[in-house]
Amino acid sequence: MRFDLQTLRAMLAGDRHADRVVPPTGFTAQLTVFASGAMAFLAVFALALSLASGRLAEAWGDELARTATIRIVAPEDQRAIQTTAALEVLSTTPGIASARALTDAEQQALLAPWFGQDLPLDTLPVPRLIEIIAADQGFDATGLRLRLAAEVPGAILDDHVRWREPLVSAANRLRLLGWTAALLILGAVAAMVTLAANAALAANAQVVAVLRLVGATDRYIAQAFVRRFTLRAFAGSAAGVVIGLIAVWFMPSGGDTPSFLTGIGFQGTGWLVPLLLPFISALVALLATAYAAGRALRTLT
Amino acid sequence: MIELENVAYSYGGGELLSDISVKLAPGSFHFLTGPSGAGKTTLLKLCYGALLPTSGHVRLFEADVRTLERDDIAMIRRKVGVVHQDVQFLDHLPVRDNVALPLTVSGRHAEAAGDDLGELMAWVGLTNRAEALPPELSGGERQRAALARAVIMSPDVVLADEPTGNVDWEMSQRLLKLLVELNRMGKTVLIATHDLSLIRAAKAQVQARVLRISNRRVQLAGADL
Ligand SMILES: Nc1ncnc2c1ncn2[C@@H]1O[C@H](COP(=O)(O)OP(=O)(O)OP(=O)(O)O)[C@@H](O)[C@H]1O
Ligand SMILES: [Mg+2]
């Protein structure tokens, strides 16, 4: 079947008479609606996963890339001197936006979850921490390490790269998988609609023969089927998307911290992305039925 | 209008029709007869592009069927009204919508036909069966509905395959009268039938030529009919 704007317009406008020439098929209709609904529901989750892992990858990549820590591990009497020396080095290192030593109170707060509130910090050999925030262009970690080794023997630079990179690439991989799943789901919709359309055409061979006899063109016959399946796929996916969105909405949220399981969901304009699904599945159904009908009508005489 | 030139048609192994040359001139009235299985239905199908000849030429409205696209065939179906031997309808639609179906598929709607449709239903005597579903019709009613459907587009040619196959004598006379009337309105008519009494009855009303298929060929039957 040739497909162009005129066909599309006629299809959207609808033709009460043309619709009626193909008998209503209760069961396949319901199956098509149900299957596209289920697919859309799954697609909502695939999209939620993709968008969430995307956000996570960005957050980790961005924030962690710009922070680093220096630990000053030195005997009690050396600690303050070495801390000052390290800050000195940092102040002359290009690419560092700010650096400051954490106060005793801050260190206490960091350790509190593990050792309780009344930890006597001054009697323990707890290293002093220096928090570094890099400028946008970042700094040369290897160079900094060499300088620190020469000037501040007790300083250890931890730029988070070691544990950050696998997390970021895992999140990126997850995002890719999510998109792949969404694409596969659309493919499944296309396959399902093609099968259903073929079944409908075969079941209606007599209808097709009668329409042929009275001078219906292939395009006219195909359109009656195409319109039907397109509308069914649209209705089914719309329902599936709504249910999927409600399910995502009620997923427990982890507050502001981007953690993995609690972060699956949509944010801001992300909520609009799944709303495209019914239109995309309608388009997929339209193309699949047009293809199936075109092929079937060429062989059916 | 419809012209067959040295047409042969075979299926599988056997040749069913060979060296057939027939010309249906505008406004002519033809019968096609011959024993059961002789190829009457096949010849009719060649005449509206449902089958392609194995060899020779079939010309429909001056165009060789072999050069026609699928859409062209669809357009020709709108100019040729066909009554099938085994009449088929859309069983989920009432008779009146089935009769109006050629209008529907060509983008004109039954509403537009309005009075014409009512007149046509009355002409074939189906006014009070208009809302019935096709499976509820008797054999004769089906054939009359098929005839109404075949002529609603006011086609140039009407091809009828055993239009009186399922009906009693009286009804066959009524159907014949409808076909003769169509011919008087200028339509080209071809009726395939093995009912010789029908042919005799027609000859009293209209100038009809009788083609007989025997031994795979078509001959013009003499005045003995
Ligand atoms: N495609 C085909 N495959 C097999 N056999 C065929 C095919 N087409 C026609 N035939 C055979 O050709 C013969 C003629 O068929 P056709 O329907 O044209 O006969 P007919 O003259 O209309 O007979 P009837 O008076 O019984 O309607 C039949 O024996 C039929 O079985
Ligand atoms: Mg026959």
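Residues numbered from 1 in each chain as written. Chains lettered and ligands numbered in written order. Predicted model: local features only at pLDDT ≥ 70, side-chain atom pairs only at ≥ 80, totals over all residues. Heavy atoms only, no water.

Examining the overall build of chain A
This is how the line gets drawn: Strands here are runs of E lasting at least two residues and helices are runs of H or I lasting at least four, both read from the DSSP assignment and numbered beginning at the N terminus. Residue exposure (1.4 Å probe, protein chains only): buried if accessible area is under 20% of the type maximum, exposed if over 50%, otherwise partly exposed.
Scanning chain A from N- to C-terminus turns up 10 helices and four strands. For chain A, the sequential pattern of α-helices and β-strands runs α-α-α-β-α-β-α-β-α-β-α-α-α-α. Out of the 301 residues belonging to chain A, those deemed buried represent 43%.

So, the packing of aromatic side chains
Inclusion rule: Note on aromatic contacts: the rings of Phe and Tyr and the six-membered ring of Trp form a pair at centre separations within 6.5 Å, being stacked when their planes are under 30 degrees apart, edge-to-face when over 60 apart, and tilted otherwise. Here, a charge over a ring is recorded when the distance from Lys NZ or Arg CZ to the ring centre is within 6 Å and its angle to the ring normal is within 35 degrees.
What the rule picks out here adds up to five aromatic pairs over all chains. Arranged with centres 5.5 Å apart and planes meeting at 50 degrees, the rings of phenylalanine 29 of chain B and phenylalanine 31 of chain B form a pair that is tilted. Phenylalanine 31 of chain B matches phenylalanine 29 of chain B in its accessibility class, with the two residues each being buried. Put simply, the rings of Trp249, Phe266 and Trp271 of chain A touch in pairs and so form one group of aromatic residues. When the ring centre of phenylalanine 229 of chain A is taken as origin, the NZ or CZ atom of arginine 232 of chain A, which lies over that ring, is 4.8 Å away. Over the face of the ring belonging to phenylalanine 61 of chain B we find lysine 79 of chain B, whose NZ or CZ atom lies 4.4 Å from the ring centre.

Description of the coordination of the magnesium ion (ligand 2)
Perfect tetrahedral coordination of a metal by four donors corresponds to 109.5 degrees between them, and perfect octahedral coordination by six donors corresponds to 90 or 180 degrees. Residues and elements named next belong to chain B. Under the convention used in this document: A donor here means any N, O or S atom no more than 2.8 Å from the metal (3.2 Å for Na, K and Ca); water is not included, so a site may seem to lack partners.
At the metal site, the magnesium ion (ligand 2) is ligated by Thr41 (OG1) and Gln85 (OE1), and these contacts range over 1.9 to 2.3 Å. Separated by 44 residues along the polypeptide, threonine 41 in helix H1 (residues 40-47) and glutamine 85 in the loop between strand E6 (80-83) and helix H3 (95-99) bring together distant segments of the chain. Note on glutamine 85: relative accessible area 39%, which makes it partly exposed.

Focus: helix H4 (residues 76-91) of chain A
Residues and elements named next belong to chain A. Condition: Here a helix's expected span is defined as the number of its residues, less one, multiplied by 1.5 Å. Here, two residues are considered to be in contact whenever any of their heavy atoms come within 4.5 Å of each other.
An ideal rise of 1.5 Å per residue puts 22 Å on 16 residues; H4 measures up with 24 Å between its terminal C-alpha atoms. Listed as buried for H4 are Arg79, Gln82, Thr83, Ala86, Val89 and Leu90. Residues of H4 that are buried in the fold lie against strand E1 (67-72), strand E2 (96-101), strand E3 (128-134), helix H6 (141-151) and strand E4 (155-158).

Some words on the pairing of strand E3 (residues 29-33) of chain B
Residues and elements named next belong to chain B. Heads up, the rule is: Only strands that DSSP links by at least two bridges are regarded as paired with each other.
Most of E3 is tucked away: five of the five residues are buried. Every second residue of E3 is oriented toward a common face, with Phe29, Phe31 and Thr33 on one face and His30 and Leu32 on the other, all of them buried. Relative to strand E8 (residues 188-192), E3 runs parallel, the two being bridged by four bridges. If you follow leucine 32 over to E8, its bridge partner there is alanine 192. Strand direction decides the pairing type here: E3 and strand E9 (residues 209-214), joined by four bridges, are parallel.

Regarding the domain arrangement of chain A
Which entries qualify depends on this criterion: Source of the domain bounds: an automatic or database domain assignment.
Each domain of chain A was delimited in the assignment, giving domain 1 (5-59 + 172-299) and domain 2 (74-153). Here the C-alpha centre of domain 2 of chain A lies 56 Å away from the C-alpha centre of domain 1 of chain A.

Structural notes on the pattern of salt bridges
Residues and elements named next belong to chain A. This is how it is decided: Put simply, a salt bridge is a Lys or Arg side-chain nitrogen that is within 4 Å of an Asp or Glu carboxyl oxygen.
Taken as a whole and assessed by the stated rule, the structure comprises 10 salt bridges over all chains. Salt-bridge contacts for arginine 100 lead to glutamate 106; the nearest nitrogen and oxygen are separated by 2.9 Å. Given a relative accessible area of 36%, arginine 100 falls into the partly exposed group. For glutamate 106, a relative accessible area of 30% corresponds to the partly exposed category.

Examining the sheet that holds E4 of chain A
Residue and element names in this part refer to chain A. What counts, and what does not: Comment: axis = line fitted to C-alpha atoms, over the contacting stretch for helices; angle = value between 0 and 180 degrees taken between N-to-C directions.
One open sheet holds the four strands; their spatial order is E2-E3-E1-E4, and the pairing between them is antiparallel. One side of each edge strand has no neighbouring strand; the edge strands of this open sheet are E2 and E4. When strand polarity is set aside, the average angle formed by the axes of neighbouring strands in this sheet is 20 degrees. The sheet contact formed by E1 and E3 spans six bridges and is antiparallel. Among the inter-strand pairings, alanine 68 is bridged to a residue of E3, identified as isoleucine 132. Sheet strands in contact with helix H5 (residues 104-115) are E2 and E3, and its direction is about 95 degrees off that of E3. Along the sheet, H6 contacts E1, E2 and E4; its crossing angle with E4, the most-contacted strand, is approximately 170 degrees.

Let's talk about the environment of tryptophan 169 of chain B
Positionally, tryptophan 169 of chain B belongs in helix H8 (residues 169-184). Contacts of tryptophan 169 of chain B, omitting those with residues within four sequence positions, involve Ser197 and Ala201 of chain B.

Topic: a nonpolar patch on the surface
Inclusion rule: The patch calculation keeps residues exceeding 30% relative accessible area without a salt bridge and links them within 9 Å when they carry like charges or within 5 Å when they are nonpolar (Val, Leu, Ile, Met, Phe, Trp, Tyr). The accessible surface values rely on the Shrake-Rupley method and a 1.4 Å probe; as for residues, cover is taken only from the protein chains in view.
A cluster of nonpolar side chains, namely Val242, Ile243, Ile246, Trp249 and Phe250 of chain A, defines an oily patch on the protein surface of about 580 Å² accessible area. Of note, phenylalanine 250 of chain A is situated in the loop between helix H9 (218-249) and helix H10 (277-299).

Here's the deal with the confidence of the model for chain B
As a reminder, the rule being used: Confidence of the predictor in every single residue is expressed as pLDDT, which spans 0 to 100.
Taken residue by residue, chain B gives an average pLDDT of 88. The fraction at 70 or more is 96%. What the predictor reports for the complex is a pTM of 0.74 with an ipTM of 0.87.

A word on the site of ligand 1
All names here are of chain B. The test is simple: Summary of the distance rule: residues count as near a molecule or strand when at least one heavy atom falls within 4 Å of that molecule or strand. Pairs of N or O atoms within 3.5 Å make up the polar contacts considered here, provided that, within protein, one atom can donate a hydrogen while the other can accept it, and that residues adjacent in sequence are counted only when both atoms are side-chain atoms. Note on residue categories: nonpolar means Ala, Val, Leu, Ile, Met, Phe, Trp, Tyr, Cys or Pro, charged means Asp, Glu, Lys or Arg, and polar means any other residue, Gly included.
Taken together, Tyr11, Leu16, Pro35, Ser36, Gly37, Ala38, Gly39, Lys40, Thr41, Thr42, Gln85 and His194 make up all the residues around ligand 1. Here an oxygen atom of ligand 1 sits 2.9 Å away from a polar atom, N or O, in the main chain of glycine 37. The backbone of glycine 39 places a nitrogen or oxygen atom 2.9 Å from an oxygen atom of ligand 1. Protein chains shield 60% of the accessible area of ligand 1, which is 640 Å² for the free molecule. Across the shell around ligand 1, the residue classes tally to four nonpolar, seven polar and one charged.

Thoughts on the nonpolar core
Note the cut-off: Nonpolar cores are built from buried Ala, Val, Leu, Ile, Met, Phe, Trp, Tyr and Cys residues. Side-chain atoms within 4.5 Å join them into one set.
By size, the foremost hydrophobic cluster in this structure holds 45 residues, and its most contacted members are Phe29, Phe31, Val95, Val99 and Leu176 of chain B. Those elements that provide at least two residues to this core are E3, H3, helix H6 (115-123), helix H7 (139-151), strand E7 (157-161), H8, E8 and helix H9 (196-203) of chain B. Among the elements that line this core, the one with the most residues is H8 of chain B, at seven residues. Not counting chain neighbours up to four residues away, the residues in contact with valine 95 of chain B comprise Met121, Leu126, Arg129, Ala130, Ala132, Leu133, Pro134, Leu137 and Ala145 of chain B. Core analysis: the next-biggest nonpolar cluster, separate from the first, contains 35 residues, Ala35, Leu186 and Ala224 of chain A together with Leu90 of chain B among them.

Some remarks on unusual backbone geometry
All names here are of chain B. Its identity is not glycine, yet asparagine 6 carries a phi of approximately 50 degrees, on the positive side. Relative to the elements of secondary structure, asparagine 6 occurs in strand E1 (residues 2-10). Residue asparagine 6 is classed as partly exposed on the basis of its relative accessible area of 41%. Even without a glycine there, the phi angle at glutamate 162 is positive, about 50 degrees. For glutamate 162, the location among the structural elements is in the loop between E7 and H8.

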